[in-house]
Amino acid sequence: ELKEIVFIIQSQSNSFHSKKAEDLKRDILKQAADLGKELPTVLLIHQLDGHEGAWTILPLMRDFSVTYGRNSSWIFFCEEDTRIQVVKLLETLGRFDGSKEWFLGKALYDEESTIIHHYAFAENPTVFKFPDFAAGWALSIPLVKKLAKKLKSEPLKSDFTIDLKHEIALYIWQKGEGPHLTPVPEFCTDDVNSYNVDHCATTFSNFLPLCGEPVKKEDVFVAVKTCQKFHGDRIPVVKKTWEREAALIEYYSDYADISIPTIDLGIPNTDRGHCGKTFAILERFLNHSSPRTPWLVIVDDDTLISIFRLRKLLSCYDPNEPVFLGERYGYGLGTGGYSYITGGGGMVFSKIAVQKLLASKCRCYSMDAPDDMVLGMCFSGLGIPITHSPLFHQARPMDYPKGYLSHQIPVSFHKHWNIDPVKVYFTWLAPNTDESLNGKKVGYNREDL
């Protein structure tokens, strides 16, 4: 029965995202009403729990077990851009015995072991499957109860949440004692308008969001963090690739080099975190940039980014709201920690977010503290939620499953390690892959990388 499915939408409190999640909730309930069925429960995850870690899902298992353990059969999770055919979802779940432990989803796997998964299954990473959240995924209630019990006696061990879908699958798998992910072909990430989705219970709006005209080039100020030792190898890559897309860009270093040019912020370079440098950039943006520039982007000198796509994405956000946008990680979320935007993929701030941050007393506890984590801690303390976008990436394209990237139009990748960064940029991020480079046409195939 439809009323035995609890739908959980991975929503966010930012106004653009919460509206999309509310629209999806309305659509699910309308489909149920049109069927003449008793309405299912549809929950938005950002409304579920006061604590910061609700988005990591596992801490909610005990509540799910207590609240829905008696009258429900399935918890079905989806993203705000997942589209659901309720009748087909009912048919699909009906094939599985809900009295047994089931973990259902569209399977992803690593082709080679990767840093973002701590090099798990290094011998053969393809053996371990984890769900693509975009396609939706489901847990049977007996498995929810088991996880709730396990979490009571064995709290989550890792301090960091880096790739939630992989970490949840590992926790459920329990070193081989728990259920593996069962792949479900009806859970799809094809575009809703694709010709081959007739069998799909779920589809995915797989496009770069655009809400009106892209923001103007002059409305985005780009700050590149660098240091003297990287002026010769990393900065030329920026200049060959995405610098031309930025109308307002400055390079901040520990050494003033007029050939780039870089600006010496008077902050010595540190080998570990760059908190002092980042806060100096925030102060400079507020005090020296045009008062009319609503957006700041801070990137590393080895970040590859599409400013062209970012301007499209930013059309969906209200610059009058405090927005802190990028790829979300978590620290200590099982014990009242905080979420943060990981710096390598790029950190995007609305001017008002920077104003609120600097008006507070929150600052670096040391000059070499990790800047992204300190910012997460500060915004958490201010009650300003961070906004996650899966289009920003802390690692290189080959560090992610091909199936995961196949339904994305990415905004950024990070690191030059063991790749040709110029080639990666023109393959994945250039506004048009046939753009000219040094007068020659270039077009790379993603499969080559």
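Keep in mind that what you see is a predicted model, and the values were worked out from it rather than measured.

Trainee: Before we go on, may I ask you to explain the packing of aromatic side chains in this structure?
Mentor: The description of an aromatic ring pair rests on the distance of the ring centres and on the angle between the ring planes. Per the counting criterion, the structure on display carries 25 aromatic pairs. Taking 5.1 Å as the distance between ring centres and 55 degrees as the angle between the ring planes, the aromatic pair formed by Phe160 and Tyr331 counts as tilted. Of the two residues, Phe160 sits in strand S9 (residues 160-161) while Tyr331 sits in strand S18 (residues 328-331), which places them 171 residues apart along the sequence. On the numbers, 5.6 Å between centres and 45 degrees between planes, the contact of Tyr331 with Tyr338 is tilted. Assessed through its relative accessible area of 11%, Tyr338 is described here as buried. An aromatic cluster is built from Phe64, Tyr68, Phe77, Phe103, Phe133 and Trp137, whose rings are joined through pairwise contacts. When the ring centre of Phe285 is taken as origin, the NZ or CZ atom of Lys351, which lies over that ring, is 4.8 Å away.

Trainee: Help me out: how do you make sense of the pairing of strand S8 (residues 137-140) in this one?
Mentor: Within a regular beta strand, the side chains point alternately toward one face of the sheet and then the other, so they alternate between its two faces. Side chains Trp137 and Leu139 of S8 all project onto a buried face; the interleaved residues Ala138 and Ser140 project onto the opposite face, where all are buried too. Examined bridge by bridge, strand S5 (residues 103-105) and S8 share three bridges and lie antiparallel to one another. Its bridge partner being in S8, Leu104 is matched across the sheet by Ala138.

Trainee: Explanation requested: the domain arrangement of the chain in the structure shown.
Mentor: The accessible area lost on association of the parts is a frequent measure of interface size. Assigned domains of the chain: these are domain 1 (2-204) and domain 2 (217-438). If you average the C-alpha positions of domain 1 and of domain 2, the two centres end up 30 Å apart. The interface of domain 1 with domain 2 comprises 27 residues on the first partner and 28 residues on the second. Interface area lost by domain 1 to domain 2 is led by Gln12, Glu52 and Trp55, which between them contribute 20%. For the pair domain 1 and domain 2, the number of links is zero salt bridges. The interface formed by domain 1 and domain 2 includes nine residue pairs in polar contact (both at pLDDT 80 or more). Counting only elements with at least two residues in the side of domain 1 that touches domain 2, the list comes to helix H1 (15-34) and S9.

Trainee: Just checking my understanding: could you explain the state of the cysteines for this structure?
Mentor: Disulfides are covalent bonds that link the sulfur atoms of two cysteine residues. Per the stated rule, a full pass over the model turns up four disulfides. Here Cys188 connects covalently by a disulfide to Cys200, the sulfurs 2.1 Å from one another. Its torsion about the S-S bond being -95 degrees, the disulfide of Cys188 and Cys200 is classed as left-handed. In this pair, Cys188 is assigned in the loop between strand S10 (182-183) and strand S11 (202-204) and Cys200 in the loop between S10 and S11, connecting sequence segments twelve residues apart. A relative accessible area of 3% means that Cys188 is categorised as buried. The partner cysteine of Cys275 in its disulfide is Cys364, sulfur to sulfur 2.2 Å. Taking the sign of the S-S torsion, about -90 degrees here, the bridge from Cys275 to Cys364 comes out left-handed. Remark: Cys364 occurs in the loop between helix H10 (351-359) and helix H11 (371-381) and Cys275 occurs in helix H8 (residues 275-288); sequence separation between them is 89 residues. On the accessibility criterion, Cys275 (0% relative accessible area) is buried. The exposure class of Cys364 is partly exposed, given its relative accessible area of 22%. Among the cysteines of the chain that take part in disulfides, numbered as they appear in the sequence, the pairing is 1-2, 3-5, 4-7, 6-8.

Trainee: Please clarify how the pattern of salt bridges should be interpreted in this entry.
Mentor: Side chains that differ in charge, positive against negative, can pair when their charged atoms come close. What the rule picks out here adds up to 20 salt bridges. The partner of Glu186 in a salt bridge is Arg95, with the nearest N and O atoms 2.8 Å apart. Linking Glu186 in the loop between S10 and S11 with Arg95 in the loop between helix H4 (86-94) and S5, this pair joins segments that are 91 residues apart in sequence. The class of Arg95 is partly exposed, set by a relative accessible area of 48%.

Trainee: Please explain the sheet that holds strand S1 (residues 5-10) as it appears in this structure.
Mentor: Pairing between sheet strands relies on hydrogen bonds along the backbone, with the strands arranged either parallel or antiparallel. One open sheet accounts for six strands, arranged S2-S1-S3-S8-S5-S10; its pairing is mixed. The open sheet terminates on both sides in strands that have one partner only, identified here as strand S2 (41-44) and S10. Each of S1, strand S3 (74-79), S5 and S8 is contacted by H4, which is oriented at about 115 degrees to S1, the strand it contacts most. Sitting on the sheet, helix H5 (residues 141-153) touches S3, S5 and S8, and the angle it makes with S8 is about 75 degrees.

So, how was this worked out
- Numbers given for residues are sequential positions, taken from 1 along each chain in its written order.
- Local features in a predicted model are, by the rule used here, given only for residues with pLDDT of at least 70; side-chain atom pairs are given and counted only at 80 or more, and totals for whole chains, interfaces and linings are based on all residues.
- No hydrogens and no water enter the side-chain calculation; it runs on all heavy atoms of the structure.
- Pairing of aromatic rings covers Phe, Tyr and the six-membered ring of Trp, with a centre-to-centre limit of 6.5 Å; geometry is then stacked below 30 degrees between planes, edge-to-face above 60, and tilted otherwise.
- The numbering of helices and of strands both runs from the N terminus, where a helix is a DSSP run of H or I of at least 4 residues and a strand a run of E of at least 2.
- Note on classification: 1.4 Å probe, protein chains only; a residue is buried when its accessible area is under 20% of the maximum for its type, exposed when over 50%, partly exposed between these limits.
- Definition used: whenever NZ (Lys) or CZ (Arg) falls within 6 Å of the ring centre and also within 35 degrees of the ring normal, the charge is taken to sit over that ring.
- Strands qualify as paired when DSSP identifies two bridges or more between them.
- For the purposes of this description, domain bounds are those given by an automatic or database domain assignment.
- By the convention used here, residues are in contact when the closest approach between their heavy atoms is within 4.5 Å.
- The term buried area means the drop in 1.4 Å probe accessible area that two parts suffer when joined, counted for both and summed.
- Whenever a carboxyl oxygen of Asp or Glu lies within 4 Å of a side-chain nitrogen of Lys or Arg, that contact is scored as a salt bridge.
- Counted as a polar contact is a pair of N or O atoms within 3.5 Å, where, for protein atoms, one must be capable of donating a hydrogen and the other of accepting one, and residues adjacent in sequence contribute only when both atoms are in side chains.
- Disulfides are defined as pairs of cysteine sulfur atoms found within 2.5 Å of each other.
- Fitted lines through C-alpha atoms serve as axes, helices being fitted only where they are in contact, and the angles separating the N-to-C directions of these axes extend from 0 to 180 degrees.

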